[in-house]
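# Summary of the model geometry
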Amino acid sequence: MSRSAHPAGPRYADVLPEGHYSAPPADLNALDPKVWAQTVTRDEHGVATVGGVDVKRLAEEFGTPAYVMDEADFRARARAWRTAFGPDADVFYAGKAFLSRAVVRWLHEEGLNLDVCSGGELTTALSAGMPAERIAFHGNNKSADEIERAVTAGVGRIVLDSFQEIVRVAHVAQSLGKRQRVQIRITVGVEAHTHEFIATAHEDQKFGIPLAGGQAAEAVRRALQLDGLELIGIHSHIGSQIFDMSGFEVAAHRVVSLLRSVRDEHGVELPEIDLGGGLGIAYTSDDDPREPHEIAKALTEIVTRECEAAKLRTPRISVEPGRAVVGPTAFTLYEVGTIKPLDGLRTYVSVDGGMSDNIRTALYDAEYSVALVSRSSDAEPMLARVVGKHCESGDIVVRDAFLPADLAPGDLIAVPATGAYCRSMASNYNHVTRPPVVAVRDGEARVIVRRETEEDLLRLDVG
(Lines give C-alpha, C1' and ligand atoms only; values in the text may rest on other atoms or scores of the structure.)
Protein backbone atom coordinates (compact mmCIF):
# COMPACT_ATOMS: atom_id res chain seq x y z
CA MET A 1 0.00 0.00 0.00
CA SER A 2 1.48 3.34 -1.01
CA ARG A 3 1.97 6.00 1.64
CA SER A 4 0.56 9.46 1.09
CA ALA A 5 2.90 12.42 1.26
CA HIS A 6 2.80 14.83 4.20
CA PRO A 7 4.72 17.94 5.23
CA ALA A 8 7.85 17.67 7.28
CA GLY A 9 6.93 17.58 10.96
CA PRO A 10 6.11 15.06 13.67
CA ARG A 11 5.28 12.34 11.08
CA TYR A 12 8.21 13.08 8.77
CA ALA A 13 9.90 9.73 9.48
CA ASP A 14 6.59 7.90 9.12
CA VAL A 15 6.53 6.92 12.78
CA LEU A 16 3.61 4.61 13.40
CA PRO A 17 1.63 4.25 16.64
CA GLU A 18 3.04 2.18 19.46
CA GLY A 19 1.89 -1.40 19.10
CA HIS A 20 1.71 -1.22 15.30
CA TYR A 21 4.74 -3.44 14.87
CA SER A 22 4.49 -7.16 15.26
CA ALA A 23 6.44 -8.65 18.14
CA PRO A 24 10.13 -9.28 17.51
CA PRO A 25 11.02 -12.85 16.52
CA ALA A 26 11.69 -15.28 19.34
CA ASP A 27 15.24 -15.81 18.06
CA LEU A 28 17.05 -13.02 16.23
CA ASN A 29 19.73 -15.51 15.17
CA ALA A 30 17.31 -17.78 13.31
CA LEU A 31 17.47 -17.76 9.51
CA ASP A 32 14.02 -18.67 8.20
CA PRO A 33 14.47 -21.18 5.35
CA LYS A 34 11.36 -19.74 3.71
CA VAL A 35 13.24 -16.48 3.14
CA TRP A 36 16.89 -17.50 2.80
CA ALA A 37 18.57 -19.56 0.08
CA GLN A 38 18.69 -23.30 0.61
CA THR A 39 22.31 -23.68 1.71
CA VAL A 40 22.37 -20.68 4.08
CA THR A 41 23.01 -21.65 7.71
CA ARG A 42 25.13 -20.61 10.68
CA ASP A 43 28.37 -22.33 11.66
CA GLU A 44 29.39 -23.25 15.20
CA HIS A 45 30.60 -19.68 15.77
CA GLY A 46 27.30 -18.13 14.70
CA VAL A 47 28.64 -16.86 11.37
CA ALA A 48 26.28 -17.31 8.43
CA THR A 49 27.52 -19.48 5.59
CA VAL A 50 26.26 -20.10 2.07
CA GLY A 51 27.38 -23.01 -0.08
CA GLY A 52 29.89 -23.86 2.63
CA VAL A 53 31.54 -20.41 2.57
CA ASP A 54 31.17 -18.01 5.50
CA VAL A 55 30.18 -14.40 4.98
CA LYS A 56 33.30 -13.01 6.67
CA ARG A 57 35.43 -14.70 4.04
CA LEU A 58 33.14 -13.39 1.30
CA ALA A 59 33.38 -9.85 2.63
CA GLU A 60 37.18 -10.06 2.89
CA GLU A 61 37.61 -11.50 -0.60
CA PHE A 62 34.96 -9.60 -2.56
CA GLY A 63 34.13 -6.57 -0.42
CA THR A 64 30.76 -5.15 0.48
CA PRO A 65 28.12 -4.52 -0.57
CA ALA A 66 27.86 -7.65 -2.66
CA TYR A 67 25.07 -9.76 -4.08
CA VAL A 68 25.76 -13.34 -2.99
CA MET A 69 24.04 -16.03 -5.04
CA ASP A 70 23.55 -19.67 -4.03
CA GLU A 71 24.15 -21.45 -7.35
CA ALA A 72 22.88 -24.80 -6.09
CA ASP A 73 19.65 -23.14 -4.97
CA PHE A 74 19.20 -21.43 -8.35
CA ARG A 75 19.69 -24.70 -10.20
CA ALA A 76 17.34 -26.57 -7.84
CA ARG A 77 14.59 -24.01 -8.33
CA ALA A 78 15.04 -24.07 -12.11
CA ARG A 79 14.78 -27.87 -12.08
CA ALA A 80 11.70 -27.72 -9.85
CA TRP A 81 9.89 -25.52 -12.36
CA ARG A 82 10.97 -27.66 -15.30
CA THR A 83 9.92 -30.88 -13.54
CA ALA A 84 6.61 -29.45 -12.31
CA PHE A 85 5.40 -28.55 -15.81
CA GLY A 86 6.91 -31.55 -17.57
CA PRO A 87 7.74 -32.10 -21.25
CA ASP A 88 4.35 -30.95 -22.55
CA ALA A 89 4.78 -27.36 -21.38
CA ASP A 90 7.44 -24.66 -21.65
CA VAL A 91 9.11 -22.74 -18.83
CA PHE A 92 10.70 -19.44 -19.88
CA TYR A 93 12.89 -17.75 -17.29
CA ALA A 94 12.12 -14.01 -17.23
CA GLY A 95 15.57 -12.56 -17.84
CA LYS A 96 14.59 -9.08 -16.64
CA ALA A 97 14.69 -10.37 -13.03
CA PHE A 98 18.45 -10.91 -13.30
CA LEU A 99 20.55 -11.92 -16.26
CA SER A 100 24.20 -12.72 -16.74
CA ARG A 101 26.08 -15.13 -18.95
CA ALA A 102 26.59 -17.54 -16.07
CA VAL A 103 22.85 -17.55 -15.38
CA VAL A 104 22.14 -18.19 -19.06
CA ARG A 105 24.42 -21.22 -18.97
CA TRP A 106 22.72 -22.54 -15.81
CA LEU A 107 19.31 -22.15 -17.46
CA HIS A 108 20.46 -23.94 -20.59
CA GLU A 109 21.91 -26.80 -18.57
CA GLU A 110 18.77 -27.13 -16.43
CA GLY A 111 16.43 -27.18 -19.42
CA LEU A 112 14.71 -23.81 -19.11
CA ASN A 113 13.98 -21.43 -21.95
CA LEU A 114 14.56 -17.70 -21.67
CA ASP A 115 12.57 -14.58 -22.36
CA VAL A 116 14.30 -11.28 -23.03
CA CYS A 117 12.94 -7.77 -23.52
CA SER A 118 15.82 -5.77 -24.97
CA GLY A 119 18.66 -6.02 -27.41
CA GLY A 120 21.11 -6.16 -24.52
CA GLU A 121 19.35 -9.13 -22.94
CA LEU A 122 19.21 -10.86 -26.34
CA THR A 123 22.93 -10.30 -26.87
CA THR A 124 23.72 -11.68 -23.41
CA ALA A 125 21.59 -14.76 -24.05
CA LEU A 126 23.12 -15.53 -27.42
CA SER A 127 26.68 -14.82 -26.28
CA ALA A 128 26.30 -17.38 -23.48
CA GLY A 129 25.07 -20.09 -25.83
CA MET A 130 21.30 -20.12 -25.33
CA PRO A 131 19.83 -21.57 -28.56
CA ALA A 132 17.86 -18.85 -30.33
CA GLU A 133 14.85 -21.10 -30.78
CA ARG A 134 14.52 -21.26 -26.97
CA ILE A 135 14.33 -17.48 -26.64
CA ALA A 136 11.17 -15.35 -26.52
CA PHE A 137 11.42 -11.63 -27.20
CA HIS A 138 9.13 -9.31 -25.19
CA GLY A 139 8.72 -5.55 -24.95
CA ASN A 140 6.14 -2.84 -25.59
CA ASN A 141 8.39 -0.73 -27.86
CA LYS A 142 10.90 -2.94 -29.65
CA SER A 143 13.11 -0.94 -31.96
CA ALA A 144 13.48 -1.77 -35.62
CA ASP A 145 17.06 -2.86 -34.92
CA GLU A 146 15.99 -5.15 -32.07
CA ILE A 147 13.29 -6.76 -34.20
CA GLU A 148 15.73 -7.35 -37.05
CA ARG A 149 18.31 -8.85 -34.70
CA ALA A 150 15.72 -11.15 -33.14
CA VAL A 151 14.34 -12.34 -36.48
CA THR A 152 17.83 -12.77 -37.94
CA ALA A 153 18.93 -14.81 -34.93
CA GLY A 154 15.86 -17.03 -35.25
CA VAL A 155 14.26 -16.50 -31.86
CA GLY A 156 11.54 -18.99 -31.06
CA ARG A 157 8.86 -16.35 -30.61
CA ILE A 158 8.30 -12.63 -30.62
CA VAL A 159 5.49 -11.44 -28.39
CA LEU A 160 3.59 -8.76 -30.29
CA ASP A 161 2.48 -5.88 -28.06
CA SER A 162 0.63 -3.49 -30.39
CA PHE A 163 -1.01 -3.16 -33.81
CA GLN A 164 2.01 -1.25 -35.08
CA GLU A 165 4.34 -4.01 -33.95
CA ILE A 166 2.34 -6.61 -35.87
CA VAL A 167 3.16 -4.72 -39.06
CA ARG A 168 6.78 -4.01 -38.08
CA VAL A 169 7.66 -7.63 -37.33
CA ALA A 170 5.87 -8.90 -40.43
CA HIS A 171 7.73 -6.40 -42.60
CA VAL A 172 11.13 -7.31 -41.14
CA ALA A 173 10.47 -11.04 -41.45
CA GLN A 174 9.36 -10.76 -45.06
CA SER A 175 12.35 -8.59 -45.97
CA LEU A 176 14.62 -11.29 -44.54
CA GLY A 177 12.73 -14.08 -46.28
CA LYS A 178 11.54 -15.57 -43.00
CA ARG A 179 8.26 -16.44 -41.32
CA GLN A 180 8.50 -15.41 -37.69
CA ARG A 181 6.67 -17.31 -34.95
CA VAL A 182 4.71 -14.83 -32.82
CA GLN A 183 2.26 -14.59 -29.97
CA ILE A 184 -0.08 -11.67 -29.32
CA ARG A 185 -0.02 -10.19 -25.84
CA ILE A 186 -3.46 -9.24 -24.64
CA THR A 187 -4.69 -7.46 -21.53
CA VAL A 188 -7.58 -9.33 -19.99
CA GLY A 189 -8.81 -6.83 -17.39
CA VAL A 190 -7.87 -8.87 -14.31
CA GLU A 191 -7.08 -7.32 -10.92
CA ALA A 192 -3.80 -8.94 -9.87
CA HIS A 193 -3.87 -7.80 -6.21
CA THR A 194 -0.41 -6.28 -6.45
CA HIS A 195 1.25 -2.85 -6.55
CA GLU A 196 -0.07 -0.50 -9.24
CA PHE A 197 3.30 -0.33 -10.98
CA ILE A 198 3.60 -4.11 -11.35
CA ALA A 199 -0.03 -4.92 -12.18
CA THR A 200 -0.12 -5.44 -15.94
CA ALA A 201 -3.50 -6.86 -16.98
CA HIS A 202 -5.84 -3.91 -16.54
CA GLU A 203 -6.58 -1.88 -19.65
CA ASP A 204 -5.14 1.48 -18.52
CA GLN A 205 -1.44 0.66 -18.90
CA LYS A 206 1.21 0.35 -21.57
CA PHE A 207 1.37 -3.40 -22.15
CA GLY A 208 -0.60 -5.53 -24.56
CA ILE A 209 -3.73 -5.20 -26.68
CA PRO A 210 -7.01 -5.01 -24.75
CA LEU A 211 -9.43 -7.89 -25.01
CA ALA A 212 -12.27 -5.44 -24.36
CA GLY A 213 -13.90 -3.84 -27.37
CA GLY A 214 -12.73 -6.52 -29.80
CA GLN A 215 -9.22 -5.12 -30.17
CA ALA A 216 -7.48 -8.43 -29.45
CA ALA A 217 -9.71 -10.22 -31.94
CA GLU A 218 -8.78 -7.61 -34.57
CA ALA A 219 -5.09 -8.10 -33.79
CA VAL A 220 -5.50 -11.82 -34.45
CA ARG A 221 -7.21 -11.10 -37.78
CA ARG A 222 -4.34 -8.90 -38.92
CA ALA A 223 -1.62 -11.32 -37.78
CA LEU A 224 -3.25 -14.25 -39.59
CA GLN A 225 -3.33 -12.29 -42.84
CA LEU A 226 0.38 -11.44 -42.94
CA ASP A 227 2.74 -13.83 -44.72
CA GLY A 228 5.71 -12.90 -42.54
CA LEU A 229 4.04 -14.11 -39.35
CA GLU A 230 3.15 -17.51 -37.95
CA LEU A 231 0.70 -16.86 -35.13
CA ILE A 232 1.21 -19.63 -32.58
CA GLY A 233 -0.75 -18.38 -29.60
CA ILE A 234 -1.93 -15.81 -27.10
CA HIS A 235 0.08 -14.31 -24.28
CA SER A 236 -1.31 -12.94 -21.01
CA HIS A 237 0.51 -11.56 -17.97
CA ILE A 238 -1.50 -10.23 -15.05
CA GLY A 239 1.19 -8.79 -12.75
CA SER A 240 3.98 -9.62 -10.34
CA GLN A 241 4.46 -10.85 -6.76
CA ILE A 242 1.11 -12.68 -6.90
CA PHE A 243 0.05 -15.31 -4.36
CA ASP A 244 -3.63 -15.67 -5.28
CA MET A 245 -4.30 -18.06 -8.18
CA SER A 246 -7.84 -16.76 -8.75
CA GLY A 247 -6.51 -14.04 -11.06
CA PHE A 248 -5.00 -16.68 -13.33
CA GLU A 249 -8.32 -18.52 -13.40
CA VAL A 250 -10.16 -15.44 -14.66
CA ALA A 251 -7.36 -14.68 -17.14
CA ALA A 252 -7.37 -18.22 -18.52
CA HIS A 253 -11.15 -18.12 -18.94
CA ARG A 254 -10.92 -14.94 -20.99
CA VAL A 255 -7.95 -16.09 -23.06
CA VAL A 256 -9.69 -19.38 -23.89
CA SER A 257 -12.80 -17.44 -24.86
CA LEU A 258 -10.64 -15.58 -27.38
CA LEU A 259 -9.21 -18.87 -28.66
CA ARG A 260 -12.75 -20.15 -29.19
CA SER A 261 -13.67 -16.99 -31.10
CA VAL A 262 -10.58 -17.42 -33.29
CA ARG A 263 -11.59 -20.99 -34.07
CA ASP A 264 -15.17 -20.03 -34.87
CA GLU A 265 -14.17 -17.11 -37.11
CA HIS A 266 -11.02 -18.44 -38.79
CA GLY A 267 -11.21 -22.22 -38.41
CA VAL A 268 -7.85 -22.13 -36.61
CA GLU A 269 -7.07 -23.54 -33.19
CA LEU A 270 -3.99 -21.70 -31.93
CA PRO A 271 -1.63 -24.25 -30.38
CA GLU A 272 -0.13 -22.27 -27.48
CA ILE A 273 -1.14 -20.15 -24.51
CA ASP A 274 1.33 -18.26 -22.33
CA LEU A 275 0.06 -17.27 -18.88
CA GLY A 276 3.12 -15.19 -18.03
CA GLY A 277 4.80 -15.20 -14.66
CA GLY A 278 4.54 -13.03 -11.60
CA LEU A 279 4.33 -15.72 -8.94
CA GLY A 280 5.36 -14.34 -5.57
CA ILE A 281 8.20 -15.29 -3.25
CA ALA A 282 8.76 -14.89 0.49
CA TYR A 283 10.48 -11.63 1.35
CA THR A 284 9.45 -11.97 5.00
CA SER A 285 8.30 -14.85 7.17
CA ASP A 286 4.71 -13.64 6.76
CA ASP A 287 4.71 -14.37 3.02
CA ASP A 288 3.38 -17.74 1.91
CA PRO A 289 4.28 -18.50 -1.71
CA ARG A 290 3.11 -21.62 -3.53
CA GLU A 291 5.48 -24.31 -4.72
CA PRO A 292 6.08 -24.88 -8.46
CA HIS A 293 4.28 -28.23 -8.47
CA GLU A 294 1.20 -26.59 -6.90
CA ILE A 295 1.28 -23.79 -9.46
CA ALA A 296 1.73 -26.22 -12.37
CA LYS A 297 -1.16 -28.38 -11.20
CA ALA A 298 -3.45 -25.39 -10.71
CA LEU A 299 -2.66 -23.73 -14.05
CA THR A 300 -2.90 -26.98 -16.01
CA GLU A 301 -6.25 -27.81 -14.45
CA ILE A 302 -7.59 -24.31 -15.10
CA VAL A 303 -6.62 -24.31 -18.79
CA THR A 304 -7.76 -27.90 -19.36
CA ARG A 305 -11.14 -27.23 -17.76
CA GLU A 306 -11.70 -24.04 -19.74
CA CYS A 307 -10.72 -25.70 -23.04
CA GLU A 308 -12.98 -28.69 -22.43
CA ALA A 309 -15.88 -26.33 -21.79
CA ALA A 310 -15.08 -24.49 -25.04
CA LYS A 311 -14.62 -27.77 -26.94
CA LEU A 312 -11.03 -26.85 -27.82
CA ARG A 313 -7.91 -28.98 -27.82
CA THR A 314 -5.82 -28.03 -24.79
CA PRO A 315 -2.98 -25.82 -26.06
CA ARG A 316 0.61 -26.11 -24.95
CA ILE A 317 1.07 -23.99 -21.84
CA SER A 318 3.98 -21.63 -21.22
CA VAL A 319 4.89 -19.83 -18.01
CA GLU A 320 7.55 -17.21 -17.29
CA PRO A 321 8.90 -17.35 -13.72
CA GLY A 322 11.76 -14.94 -13.08
CA ARG A 323 11.58 -13.73 -9.50
CA ALA A 324 10.30 -17.17 -8.42
CA VAL A 325 13.52 -18.76 -9.68
CA VAL A 326 16.21 -16.23 -8.83
CA GLY A 327 14.69 -14.09 -6.09
CA PRO A 328 15.24 -16.41 -3.12
CA THR A 329 18.67 -17.56 -4.29
CA ALA A 330 20.62 -14.42 -3.34
CA PHE A 331 21.16 -12.04 -0.46
CA THR A 332 22.89 -8.68 -0.31
CA LEU A 333 25.80 -8.50 2.13
CA TYR A 334 26.45 -5.12 3.75
CA GLU A 335 28.83 -3.69 6.32
CA VAL A 336 27.25 -1.62 9.09
CA GLY A 337 28.46 1.97 9.35
CA THR A 338 26.75 4.73 11.31
CA ILE A 339 24.20 3.67 13.94
CA LYS A 340 21.85 6.45 15.05
CA PRO A 341 19.38 5.78 17.89
CA LEU A 342 16.35 8.07 18.03
CA ASP A 343 14.89 7.87 21.52
CA GLY A 344 11.32 6.66 21.57
CA LEU A 345 11.31 6.02 17.83
CA ARG A 346 13.79 3.59 16.31
CA THR A 347 17.47 3.11 15.51
CA TYR A 348 18.74 4.02 12.06
CA VAL A 349 21.34 1.55 10.82
CA SER A 350 23.34 2.84 7.87
CA VAL A 351 25.04 0.41 5.49
CA ASP A 352 27.58 0.84 2.71
CA GLY A 353 25.01 0.42 -0.06
CA GLY A 354 21.39 1.48 -0.33
CA MET A 355 18.93 2.48 -3.01
CA SER A 356 21.57 2.18 -5.74
CA ASP A 357 21.70 -1.59 -5.15
CA ASN A 358 18.06 -2.06 -4.05
CA ILE A 359 15.57 0.49 -5.36
CA ARG A 360 12.54 -1.71 -4.68
CA THR A 361 11.79 -0.40 -1.19
CA ALA A 362 11.66 3.18 -2.46
CA LEU A 363 9.92 2.27 -5.71
CA TYR A 364 7.33 -0.29 -4.59
CA ASP A 365 7.26 -0.01 -0.78
CA ALA A 366 8.76 -3.51 -0.88
CA GLU A 367 9.29 -5.28 2.44
CA TYR A 368 12.46 -7.19 3.26
CA SER A 369 13.98 -9.13 6.13
CA VAL A 370 17.45 -8.51 7.55
CA ALA A 371 19.80 -10.34 9.92
CA LEU A 372 23.15 -9.90 11.64
CA VAL A 373 25.28 -12.53 9.90
CA SER A 374 28.90 -12.01 11.00
CA ARG A 375 28.13 -13.34 14.47
CA SER A 376 25.27 -14.41 16.67
CA SER A 377 23.95 -12.24 19.49
CA ASP A 378 22.01 -12.67 22.71
CA ALA A 379 21.25 -8.96 23.01
CA GLU A 380 17.74 -7.60 23.26
CA PRO A 381 15.98 -6.76 19.99
CA MET A 382 15.84 -3.16 18.85
CA LEU A 383 13.47 -1.68 16.30
CA ALA A 384 15.64 -0.61 13.38
CA ARG A 385 15.42 0.95 9.97
CA VAL A 386 18.19 -0.09 7.60
CA VAL A 387 19.15 2.82 5.36
CA GLY A 388 21.78 3.48 2.73
CA LYS A 389 24.55 6.00 2.25
CA HIS A 390 22.89 8.08 -0.47
CA CYS A 391 21.91 11.72 -0.22
CA GLU A 392 18.20 10.93 -0.20
CA SER A 393 15.75 10.63 2.71
CA GLY A 394 13.95 7.84 0.85
CA ASP A 395 17.14 5.77 0.76
CA ILE A 396 15.66 2.90 2.77
CA VAL A 397 16.60 -0.77 2.38
CA VAL A 398 14.47 -2.32 5.14
CA ARG A 399 11.78 -0.04 6.51
CA ASP A 400 11.11 -1.80 9.83
CA ALA A 401 13.03 -4.70 11.32
CA PHE A 402 14.40 -6.00 14.61
CA LEU A 403 18.15 -6.30 15.01
CA PRO A 404 20.25 -7.04 18.13
CA ALA A 405 20.76 -4.01 20.36
CA ASP A 406 24.52 -4.64 20.45
CA LEU A 407 24.87 -4.11 16.70
CA ALA A 408 28.08 -2.19 16.03
CA PRO A 409 29.90 -0.52 13.13
CA GLY A 410 31.84 -3.14 11.18
CA ASP A 411 29.25 -5.88 11.71
CA LEU A 412 27.96 -7.62 8.61
CA ILE A 413 24.24 -7.75 7.99
CA ALA A 414 22.45 -9.37 5.09
CA VAL A 415 19.14 -8.80 3.34
CA PRO A 416 17.75 -12.02 1.81
CA ALA A 417 15.61 -12.54 -1.30
CA THR A 418 17.45 -9.90 -3.35
CA GLY A 419 18.18 -12.08 -6.38
CA ALA A 420 15.43 -10.53 -8.48
CA TYR A 421 15.40 -6.95 -9.74
CA CYS A 422 18.05 -5.60 -7.36
CA ARG A 423 21.13 -5.94 -9.58
CA SER A 424 19.10 -5.55 -12.77
CA MET A 425 17.63 -2.23 -11.54
CA ALA A 426 20.81 -1.02 -9.82
CA SER A 427 22.08 2.49 -10.54
CA ASN A 428 25.08 4.74 -10.07
CA TYR A 429 23.21 7.31 -7.99
CA ASN A 430 25.72 9.62 -6.28
CA HIS A 431 28.30 7.97 -8.56
CA VAL A 432 28.31 4.91 -6.33
CA THR A 433 29.61 1.86 -8.18
CA ARG A 434 27.38 -1.18 -8.54
CA PRO A 435 28.21 -4.25 -6.44
CA PRO A 436 29.47 -7.56 -7.79
CA VAL A 437 27.44 -10.74 -8.06
CA VAL A 438 29.26 -13.59 -6.37
CA ALA A 439 28.15 -17.16 -7.02
CA VAL A 440 28.84 -19.74 -4.31
CA ARG A 441 28.67 -23.51 -4.65
CA ASP A 442 30.27 -26.46 -2.85
CA GLY A 443 32.73 -24.37 -0.87
CA GLU A 444 33.86 -22.28 -3.83
CA ALA A 445 32.99 -18.64 -4.54
CA ARG A 446 33.54 -16.78 -7.80
CA VAL A 447 32.54 -13.47 -9.32
CA ILE A 448 30.03 -13.79 -12.17
CA VAL A 449 29.46 -10.03 -12.54
CA ARG A 450 32.38 -7.95 -11.34
CA ARG A 451 32.15 -4.89 -9.13
CA GLU A 452 32.17 -1.62 -11.02
CA THR A 453 35.07 0.71 -10.39
CA GLU A 454 35.37 4.47 -10.46
CA GLU A 455 37.49 3.98 -13.57
CA ASP A 456 34.40 2.42 -15.20
CA LEU A 457 32.45 5.57 -14.43
CA LEU A 458 35.16 7.80 -15.92
CA ARG A 459 35.52 5.59 -18.96
CA LEU A 460 31.90 6.36 -19.92
CA ASP A 461 32.30 10.09 -19.20
CA VAL A 462 33.87 11.34 -22.43
CA GLY A 463 34.27 14.87 -21.05
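The structure reproduced in this document is the subject of the present report. Bear in mind the structure is a predicted one, so any value in this text is a computation, not a measurement.

### Comments concerning the nonpolar core
Of all hydrophobic cores here, the largest spans 110 residues; its most connected members are Tyr93, Ile184 and Ile413. Considering each element in turn, this core owes the most residues, 8 residues, to helix H8 (residues 246-266). Leaving out residues up to four positions away in the same chain, Ile184 has contacts with Leu160, Ile209, Ala219, Val220, Ala223, Leu231, Gly233, Ile234 and His235. Grouped together as the second largest cluster of nonpolar side chains are 24 residues, Ala37, Val47, Ala282 and Leu412 included.

### Some words on the pattern of salt bridges
Summed over the entire model, instances satisfying the criterion amount to 30 salt bridges. Between Arg79 and Glu110 there is a salt bridge, with its nearest N and O atoms 3.2 Å apart. Of the two residues, Arg79 is situated in helix H2 (residues 71-85) and Glu110 in helix H3 (residues 101-110); the sequence distance between them amounts to 31 residues. Arg450 is the partner of Asp456 in a salt bridge, and the nearest nitrogen-oxygen pair spans 2.8 Å. Residue Asp456 is classed as buried on the basis of its relative accessible area of 11%.

### As for helix H1 (residues 55-62)
All buried positions along H1 are accounted for by Val55, Leu58, Ala59 and Phe62. What you see down the axis of H1 is that its buried residues fit within an arc of 100°, all on one side. For H1, the capping residue at the N-terminal end is Asp54, with a side-chain oxygen 2.9 Å from the backbone nitrogen of Lys56. Of the residues trailing H1, Gly63 is marked for its positive phi of about 80°.

### Remarks on unusual backbone geometry
Phi is mostly negative for residues that are not glycine, and the peptide bonds are mostly trans. Cis geometry is found at the peptide bond from Thr64 to Pro65, where omega equals -5°. Positive phi, normally seen in glycine, also occurs at Lys311, with a value near 55°. With respect to the element layout, Lys311 can be found in the loop between helix H9 (292-309) and strand S13 (316-319). Here Lys311 falls in the exposed class, since its relative accessible area comes to 67%. Phi is positive for Asp442, which is not a glycine, with a value near 50°. Locating Asp442 in the fold gives a position in the loop between strand S20 (437-441) and strand S21 (444-449). The class for Asp442 is exposed, based on a relative accessible area of 68%.

### Let's talk about the packing of helix H4 (residues 119-127) against helix H5 (residues 144-153)
Direction vectors running N to C along H4 and H5 enclose 25°, while the axes themselves pass 10 Å from each other. Here H4 is positioned roughly parallel relative to H5, judged by the angle of their axes. The handedness of the crossing between H4 and H5 is left-handed. On the side of H4, the interface is formed by Gly119, Leu122, Thr123 and Leu126, while H5 contributes Glu146, Arg149, Ala150 and Ala153.

### Considerations on the packing of aromatic side chains
Summed over the entire model, instances satisfying the criterion amount to 5 aromatic pairs. When the ring of Tyr283 is compared with that of Tyr368, the centres are 5.1 Å apart and the planes differ by 75°; the resulting orientation is edge-to-face. Residue Tyr283 is found in the loop between strand S12 (272-274) and H9, and its partner Tyr368 is found in the loop between helix H11 (360-364) and strand S16 (371-372); the two are separated by 85 residues along the sequence. With respect to class, Tyr283 is no different from Tyr368; both count as buried. These aromatic residues form a ring-pair network of at least three members: Phe74, Tyr93 and Trp106.

About the criteria used
Residues numbered from 1 in each chain as written. Predicted model: local features only at pLDDT ≥ 70, side-chain atom pairs only at ≥ 80, totals over all residues. Heavy atoms only, no water. Core = buried A, V, L, I, M, F, W, Y, C linked by side-chain atoms within 4.5 Å. Buried < 20%, exposed > 50% of the residue type's maximum accessible area, 1.4 Å probe, protein only. Helix = DSSP H or I, 4+ residues; strand = E, 2+ residues; numbered from the N terminus. Contact = heavy atoms within 4.5 Å. Salt bridge = Lys/Arg side-chain N within 4 Å of Asp/Glu carboxyl O. Arc of directions from axis to C-beta. Polar contact = N/O pair within 3.5 Å; in protein donor to acceptor, adjacent residues only side chain to side chain. Axes fitted to C-alpha atoms, helices over the stretch in contact; angles between N-to-C directions. Parallel < 35°, antiparallel > 145°, perpendicular 65-115°, else oblique. Left-handed = near helix turned anticlockwise from the far one by under 90°. Phe/Tyr/Trp six-rings, centres within 6.5 Å; stacked < 30°, edge-to-face > 60°.

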